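Structural description and commentary
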Amino acid sequence: MPQTYDPSADGVAVEIITSREVPLGGLRAMTVYRTLPQRQRSLIGAWCFIDQYGPDNVTNTGGMDVAPHPHTGLQTVSWLFEGAITHHDSGGNHAVVLPGEANFMTAGYGICHSEVSTQDTTVLHGVQLWVALPEEARHGERRFDHYVPPVVKLYGGQVRVFVGTLAGSDSPVPTFTPLVGAEVVVEPHATLTLDVNPAFEHGLLVDSGDIDLDGTAVARTELAYTGIGNSRLHIRNSADTPGRLLLIGGEPFTEQVVMWWNFLARDSAELGEMRQAWENESERFGKTLGYIGHDPTGLVRIPAPVLPDVVIRPRLNPEPYARPSTRI
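Residues numbered from 1 in each chain as written. Predicted model: local features only at pLDDT ≥ 70, side-chain atom pairs only at ≥ 80, totals over all residues. Heavy atoms only, no water.

The condition that has to hold: UniProt positions are given in the numbering used here, feature names are shortened, and annotations may be inferred rather than shown by experiment.
If you check an unreviewed UniProt entry, the protein chain appears there as Pirin from Arcanobacterium phocae. According to the UniProt record, the Sequence similarities (unreviewed entry) comment for the protein chain reads "Belongs to the pirin family."

If you want it as structure tokens, here you go:
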């Protein structure tokens, strides 16, 4: 039976962050939809990067083929809906990323890795996220964690919690700041109510369904932002089919961050040092073994782009409260 909900009862403010299309690797370049970072808002908690992709017919695009490349100062989180991706990194970790299984790679001081869709993948569909590491963790050791979260049934849908705590489900994956991350499925013509941590700001990324969050419509590939101070979120799906979303959140990240290419640093000079270390094939990043790309004549290692001849300024986030926004 359809559920009714009056959004004015709770007054949760919702800010819409629209995505922009970005080509990503592959023989003919796969399109991803990037919602973070934006000028509008750079972080949600410590979540600092979101690329959503697919469903992508790899016959047309070549799929994902990202040769070894570096990271510093962040943690990558891979979550798939369809398809499979092979992962190799310089920490000696080799894994196959599968739907419903979360893979976390902590770069710390430096790591490099490759990502390639498997040969038997016909449709690739998922999300790639990054988490900014705080000062005490960003110079740490490389690390890789794999977790298969259980399905938690709720009235109106279900969740799989891959980071933090939500709906009575706790992820064992260690985090370096307080975070939450979950896949949310809302049944057709249903409303799913989630009790959330009011100290967290949250973002809801829509993958499918006719969705509104507390009365605000959210289209596919859009990210709905709610600031701190909210303890309950109502997600309604008006479609005849299930709606699928990704919920992220965390305590506002207050450290100064500069981001360029695949690096997170604290100032522009540090970015230059990171780039030079990668170009010099420094032991800071190690070596990725096991990479086999789709193109036998392709790169075996991605060179760093030229660093802009300007001082890269810190990404300043607005206050952790939703602001009225206009879709563009």
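Resuming the write-up.
**Focus on the pairing of strand 5 (residues 65–71)**
So the rule is basically this: Buried means the residue's accessible area, taken with a 1.4 Å probe over protein chains only, is under 20% of the maximum for its type, while exposed means over 50%, and partly exposed covers the values in between. In this description a helix means any DSSP run of H or I spanning at least four residues, a strand means any run of E spanning at least two, and both kinds are numbered starting from the N terminus. DSSP calls a pair of strands paired once it identifies at least 2 bridges connecting them.
Summarising burial for strand 5: seven of the seven residues are buried, a large majority. Across five bridges, the pairing between strand 5 and strand 10 (residues 111–117) is antiparallel. Bridge pairing in strand 10 links His69 to His113.

**A closer look at empty space enclosed by the protein**
Inclusion rule: Put plainly, a pocket is an open set of points on a 1 Å grid over the protein atoms alone with protein on both sides within 12 Å along at least five of seven lines, a cavity is a set where a 1.4 Å probe fits but cannot get out, and a lining residue has an atom within 4 Å of a point. Grid points are joined across faces, edges and corners, and a volume is the space filled by probe spheres set on the points. Only Asp, Glu, Lys and Arg are considered charged, only Ala, Val, Leu, Ile, Met, Phe, Trp, Tyr, Cys and Pro nonpolar, and every remaining residue, Gly among them, polar.
Applying the stated criterion to the full structure yields two cavities of 30 Å³ or more. Considering only enclosed or pocket space, the largest cavity measures out at about 100 Å³ in volume. Every element with two or more residues in the lining of the largest cavity is listed here: strand 6 (74–82), strand 7 (85–89), strand 9 (102–106) and strand 10. Partitioning the lining of the largest cavity into residue classes produces six nonpolar, six polar and one charged. Of the volumes computed, that of the second largest cavity is approximately 40 Å³. In terms of lining residues, the second largest cavity is bounded by Thr72, Gly73, Gly108, Tyr109, Arg138, His139, Leu264, Glu270, Met274 and Arg284. Looking at the lining of the second largest cavity, its residues break down into three nonpolar, four polar and three charged.

**Some remarks on helix 2 (residues 268–279)**
We count it as follows: Expected helix span is taken as 1.5 Å per residue step, with the number of steps being one fewer than the number of residues. The criterion used for residue contact is that any of the two residues' heavy atoms lie within 4.5 Å. Whenever a nitrogen or oxygen atom comes within 3.5 Å of another N or O atom, the pair is scored as a polar contact, on the condition that within protein one atom can donate a hydrogen and the other can accept it, and that pairs from neighbouring residues in sequence are kept only if both atoms are in side chains.
Taking 1.5 Å as the rise per residue, helix 2 with twelve residues should run 16 Å; its terminal C-alpha atoms sit 17 Å apart, in good agreement. Among all positions of helix 2, only Ser268, Glu270, Leu271, Met274, Arg275, Ala277 and Trp278 are buried. Residues of helix 2 that are buried in the fold lie against strand 5, strand 10, strand 25 (258–260) and strand 26 (263–265). Between the side-chain oxygen of the N-cap and the backbone nitrogen of Ala269 there are 3.3 Å, and the N-cap of helix 2 in question is Asp267. In the segment just after helix 2, Glu281 is the residue with positive phi, at about 55 degrees.

**Here's the deal with the sheet that holds strand 5**
The strands that make up a sheet are held in pairs by hydrogen bonds between backbone atoms, and each pair lies either parallel or antiparallel. Worth spelling out the cut-off: With axes taken as lines fitted to C-alpha atoms, and helix axes fitted only over the stretch in contact, angles between N-to-C directions fall between 0 and 180 degrees.
Judged by pairing direction, the sheet is antiparallel, and its four strands sit side by side in the order 5-10-7-8 without closing on themselves. Each of the sheet's edge strands pairs with one partner strand only, and the pair in question is strand 5 and strand 8 (94–97). With strand direction ignored, the average angle separating the axes of adjacent strands in the sheet is 20 degrees. Summarising the sheet, strand 7 and strand 8 pair through four bridges and their orientation is antiparallel. Across the sheet, the residue bridging to His88 is His94, located in strand 8.

**Things to note about the pairing of strand 11 (residues 123–132)**
Among the ten residues in strand 11, nine count as buried, and that is most of the element. Note that strand 6 and strand 11 share eight bridges and pair antiparallel. Among the inter-strand pairings, Leu80 is bridged to a residue of strand 11, identified as Gly126.

**Quick look at the state of the cysteines**
Stated formally: Two cysteine sulfurs form what is called a disulfide whenever their separation falls within 2.5 Å.
According to the stated counting rule, one finds zero disulfides in the structure shown. No disulfide involves Cys48; its sulfur sits 19 Å from the nearest other cysteine sulfur, which is in Cys112. For Cys48, a relative accessible area of 1% corresponds to the buried category.

**Section: the layout of surface pockets**
Size it by volume and the largest pocket reaches roughly 330 Å³. Looking at the lining of the largest pocket, the elements with two or more residues in it are strand 2 (20–24), strand 3 (30–36), strand 4 (47–57), strand 5, strand 10 and strand 11. Roughly 230 Å³ of volume is contained in the second largest pocket. Every residue lining the second largest pocket is counted, 15 residues in all, and those nearest its centre are Pro252, Phe253, Thr254, Asn317 and Pro318. Per-class residue counts for the lining of the second largest pocket are seven nonpolar, four polar and four charged.

**Overview of the pattern of salt bridges**
It is possible for side chains bearing opposite charge to pair when their charged atoms get close. Just so we agree on the cut-off: We count a salt bridge whenever a side-chain nitrogen from Lys or Arg sits within 4 Å of a carboxyl oxygen from Asp or Glu.
According to the stated counting rule, one finds twelve salt bridges in the structure shown. One salt bridge in this structure joins Arg244 and Asp207, with 3.3 Å as the shortest N-O distance. On the criterion of sequence distance, the pair formed by Arg244 in strand 24 (residues 243–250) and Asp207 in strand 19 (residues 201–208) is long-range, its members being 37 residues apart. Judged by relative accessible area, which is 21%, Arg244 ranks as partly exposed. Salt bridges here are not isolated pairs; linked through shared partners, they connect Glu135, Arg138, Glu255, Arg266 and Glu270.

**Comments concerning the nonpolar core**
As a reminder, the rule being used: The set of buried Ala, Val, Leu, Ile, Met, Phe, Trp, Tyr and Cys residues whose side-chain atoms join them within 4.5 Å is what this entry labels a nonpolar core.
Counting residues in hydrophobic clusters, the biggest one holds 35 residues, and the most contacted among them are Trp47, Cys48, Ile50, Leu129 and Phe162. Going through the elements one at a time, strand 4, strand 6, strand 9, strand 11, strand 14 (157–163), strand 22 (223–226) and strand 24 are the ones with two or more residues in this core. What Ile50 contacts, discounting residues up to four positions off in sequence, is Tyr33, Arg34, Thr35, Leu36, Val127, Gln128, Leu129, Leu205, Leu223 and Ile248. One finds Val14, Val186, Ala190 and Phe200 within the second-largest nonpolar core, a separate group that totals 26 residues.

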